[in-house]
Protein chains: 2
Amino acid sequence: MLGAIEAGGTKFVLAVGNQSGEILDKIVIPTKHPDITVAKVIEYFKDKKIERLGLGGFGPIDINQDSPSYGQLQKTPKTDWVDYPLGATLKKELNVPINIDTDVNVAALSEAKFGNATDVDTCLYITVGTGIGAGAYYHGQTLKGLSHPEMGHVKVRRHPEDTYQGTCPYHGDCLEGLAAGPSLEKRWGEKGDKLVDSPEVWELEAYYLAQALTNYIYVLSPERIILGGGVMKQKQLFPLIRKNVIEMLNGYVSSPYLTEDKIDEYIVSPGLTDEAGVKGALYLAMQ
Amino acid sequence: MLGAIEAGGTKFVLAVGNQSGEILDKIVIPTKHPDITVAKVIEYFKDKKIERLGLGGFGPIDINQDSPSYGQLQKTPKTDWVDYPLGATLKKELNVPINIDTDVNVAALSEAKFGNATDVDTCLYITVGTGIGAGAYYHGQTLKGLSHPEMGHVKVRRHPEDTYQGTCPYHGDCLEGLAAGPSLEKRWGEKGDKLVDSPEVWELEAYYLAQALTNYIYVLSPERIILGGGVMKQKQLFPLIRKNVIEMLNGYVSSPYLTEDKIDEYIVSPGLTDEAGVKGALYLAMQ
């Protein structure tokens, strides 16, 4: 039996599954103070006889297996969790090997193995919600190096008519500061789902997201880009983003997937919904 | 015996070497019309009894092994070479398997295997010269996907006092348009080596390069960044770039290598000089 944890900022999904990737049992608990939440995690797994555990965690989190602080949360805005040794605590209490990656890397892995990128070797998964995060799957591995990607914090060029200062506590008007859900609400005075009939909202949102996607294409050259998260439930964003990406690339990268013909197959919605995180975490445990 | 080609925009370096990575013979020829240059390449290798050939080429070039146009040049500014089937021609004339990658990916590979990144698993190599290009080495492989990276064409935020329109024929004021050698010369009216005593030149150059590096760190999280190319011979750029990167990250990514203490070991010069390209190409042939 294998254990899987999707450790999100609002909820934890806990599951057990088998070596074939089937989920056999699953519960969802709210993310509260780590003492409360982690006690419930331990309680859930303690009699399940798991041999290994996979965890996709909200970040920033140390995902370097050789590091003494492997699995430790870092400067997260969820202050209760700053520096919390999630990996070490679980390893000690459950006494099993644990494989940890970021929630967004796990989502990219999950889309590559079970979702909308099973036919390619490389993909990028981006979530646009209360924050903007991204993970990448490249030729069998998720993307990591000095640390893990923090693609939501890239600097983008401001739209000439946008004077909103941005919400990021670290960078002000980085991509996340200008285009995540909270910035959208603060700029326009209402939540996104009340603004569906205001085209200027989505034109501006698509301008920033497309600019970031264009830069990600230049840097990473993924074979597919998957856009998820709460803000991307506004499906009118997809055609606007695709159009802007084609215009911004201006024909520089040669691929039919970067033309009107096939960009619908290149910038897509997630193939997995609720189970993406936990299925990816189970895949981590399988390795 | 193995063959290696560094196919650059101004010169081709041709070499033969052995499976241990030693170069046994080497010549340099100028890059002219492909009919002239490629004839010399074939002449050089034809009696060398090579079993395999590695090639690092200027781009854009098709590096997808499954593509019918593998090794074909694309929209290069060197118009004689647009659509030239370099890979197919060499394969046909020399009748050996050929492994092709971009010149900058090969430089990253070479730095990882023989140069200034042998102690890490991931690195980014950036050349700042007549153009700006970058390659990356991640856990044993160079970075490729839909195509190869074109990191020089990322959009950067303009310096508020910079009114220069940029030189990129595709994007105007992308990074390459604002910070490659030709833009430097056109903006300031003189070549970089005549401007050594003008600090404003290098402050602005460092601002743009650091902004791009900061975004690359957010997207790729490399364990080392190597800066080469003609413009980077201006060594005064290194401390300016490092200082700007630390300021722009603003503490968001936790690593001692992104602090004043250790950034000198993080953003570095190439470890290899003249032989980087051809040694990397030989490594491609070894695989």
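Some remarks on the sheet that holds strand 1 (residues 2–7) of chain B
Residues and elements named next belong to chain B.
- Strand order in this open sheet of five strands is 3-2-1-4-5, and the pairing throughout is mixed. Of all strands in the sheet, those bounded by a partner on one side alone are strand 3 (23–30) and strand 5 (98–102). Neighbour-to-neighbour, the strand axes of this sheet turn through a mean angle of 15 degrees, independent of strand direction.
- Set on the sheet, helix 1 (residues 34–46) makes contact with strand 1, strand 2 (11–17), strand 3 and strand 4 (52–57); between it and strand 2 the angle comes to about 15 degrees.

Description of the confidence of the model for chain A
- Here chain A averages 95 in pLDDT, and 100% of its residues register 70 or above.
- Predicted as a complex, the structure gets a pTM of 0.95 and an ipTM equal to 0.94.

Things to note about the pairing of strand 1 (residues 2–7) of chain A
Residues and elements named next belong to chain A.
- Most of strand 1 sits inside the fold, with six of its six residues counted as buried.
- A two-sided burial pattern is seen for strand 1, the buried positions comprising Leu-2, Ala-4 and Glu-6 on one face and Gly-3, Ile-5 and Ala-7 on the other.
- With six bridges joining them, strand 1 and strand 4 (residues 52–57) adopt parallel strand pairing. Across the sheet, Ala-7 pairs through a bridge with Gly-57, a residue of strand 4.
- Two elements, strand 1 and strand 2 (residues 11–17), share six bridges in a ladder whose sense is antiparallel. Looking across to strand 2, one finds that Ala-4 is bridged to Ala-15.
- Adjacent in sequence and paired antiparallel, strand 1 and strand 2 are bridged by three residues.

As for the interface of chain B and chain A
- At the junction of the two partners, chain B supplies 46 residues and chain A supplies 46 residues.
- Considering only the side of chain B, the residues that lose the most area to chain A are B:Leu146, B:Arg157 and B:Tyr252, jointly responsible for 22% of the buried surface there.
- Summed over the shared surface of chain B and chain A, the result is two salt bridges.
- When the shortest N-O distance is used, the salt bridge between B:Arg157 and A:Asp173 registers 2.9 Å.

Let's talk about the relation of the copies chain B and chain A
- Expressed as a screw operation, the relation of chain B to chain A combines 0.0 Å of axial shift with a rotation of 180 degrees, fitting to an RMSD of 0.0 Å. Overall, the copies show the geometry of a two-fold rotation axis. No C-alpha of chain B approaches the rotation axis more nearly than that of B:Arg157, which lies at 2.4 Å.

Comments concerning the pairing of strand 4 of chain A
Residues and elements named next belong to chain A.
- For strand 4, the buried fraction is high: five of the six residues fall into the buried class.
- Sheet topology note: the strand 4/strand 5 (residues 98–102) ladder contains five bridges and is parallel. Across the sheet, residue Leu-53 finds its bridge partner in strand 5, namely Ile-98.
- Regarding topology, helix 2 (residues 86–94) serves as the crossover connection from strand 4 to the parallel strand 5, and that connection is right-handed.

Considering the packing of aromatic side chains
All names here are of chain A.
- Applying the stated criterion across every chain, the model contains 14 aromatic pairs over all chains.
- Summarising the aromatic geometry, the rings of Phe-114 and Tyr-283 are spaced 6.1 Å apart at their centres and angled 80 degrees between planes, so their arrangement reads as edge-to-face. Here the residue Phe-114 occupies a position in helix 3 (residues 103–114), and Tyr-283 occupies one in helix 8 (residues 276–286), the gap between them amounting to 169 residues.
- Phe-114 gets classed as partly exposed once you look at its relative accessible area, which sits at 29%.
- On the accessibility criterion, Tyr-283 (17% relative accessible area) is buried.
- Joined through ring pairs, the aromatic side chains of Phe-12, Phe-58, Trp-81 and Tyr-84 make up one cluster.

What counts and how
Residues numbered from 1 in each chain as written. Chains lettered and ligands numbered in written order. Predicted model: local features only at pLDDT ≥ 70, side-chain atom pairs only at ≥ 80, totals over all residues. Heavy atoms only, no water. Pairing = 2+ DSSP bridges. Helix = DSSP H or I, 4+ residues; strand = E, 2+ residues; numbered from the N terminus. Axes fitted to C-alpha atoms, helices over the stretch in contact; angles between N-to-C directions. Contact = heavy atoms within 4.5 Å. pLDDT = per-residue confidence, 0-100. Buried < 20%, exposed > 50% of the residue type's maximum accessible area, 1.4 Å probe, protein only. Buried area = accessible area lost by both parts, 1.4 Å probe. Salt bridge = Lys/Arg side-chain N within 4 Å of Asp/Glu carboxyl O. Least-squares fit on C-alpha atoms with pLDDT ≥ 70 in both. Right-handed = clockwise from strand over helix to strand, strands pointing away. Phe/Tyr/Trp six-rings, centres within 6.5 Å; stacked < 30°, edge-to-face > 60°.

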